[in-house]
Amino acid sequence: FVSGTSSVLWPVAQHFAQSLCEKPDLVRGKTVIELGAGLGLVGAAAAALGAKCTVLTDCEGALPLLLRNRARLSEDGVSVEVARVAWGDAADHAALLGAIGPA
């Protein structure tokens, strides 16, 4: 993992996840992409609230932790995907958008 970034539960993520729990219609039935997911809390909340498809993204160094968290979420019946997205990398952007299909 990327020490100091991807391994931190940022306060804004906690607040955003709580806000989604209070207004689940914001994500229910929709495709959700969490950019720079870190631990993936916001995406996990979206998936648990009924998002049609949830993709947690981060840089290469953060993927092992995201993959581990995906496995743990799966044990609880929460399904998320994980993808590498390096900021400004057109190939990563295209791969992600191609994987989720049209909106």
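Everything in this summary refers to the structure shown in the same document. Everything numeric in this text was worked out from a predicted model, so none of it was measured.

## Topic: the pattern of salt bridges
Okay, step 1: In this structure the tally under the stated criterion is four salt bridges.
Okay, step 2: When the shortest N-O distance is used, the salt bridge between Arg-70 and Glu-81 registers 3.9 Å. Of this pair, Arg-70 sits in helix α3 (residues 63–75) while Glu-81 sits in strand β3 (residues 81–84), placing them 11 residues apart in sequence.
Okay, step 3: Through salt bridges with shared partners, a single network forms among Glu-60, Arg-84 and Asp-92.

## A few points about the sheet that holds β3
The strands making up a sheet are joined through hydrogen bonds of the backbone, oriented either antiparallel or parallel.
Okay, step 1: Read from one edge of the open sheet, three strands run β1-β2-β3, paired in parallel fashion. In the strand order of this sheet, the two ends are held by β1 (31–34) and β3, each with one partner. Between one strand axis and the next, the sheet turns by 25 degrees as a mean value, whatever way the strands run.
Okay, step 2: Sheet topology places strand β2 (residues 53–58) next to β3; four bridges connect them, and they run parallel.

What counts and what doesn't
Residues numbered from 1 in each chain as written. Predicted model: local features only at pLDDT ≥ 70, side-chain atom pairs only at ≥ 80, totals over all residues. Heavy atoms only, no water. Salt bridge = Lys/Arg side-chain N within 4 Å of Asp/Glu carboxyl O. Helix = DSSP H or I, 4+ residues; strand = E, 2+ residues; numbered from the N terminus. Pairing = 2+ DSSP bridges. Axes fitted to C-alpha atoms, helices over the stretch in contact; angles between N-to-C directions.

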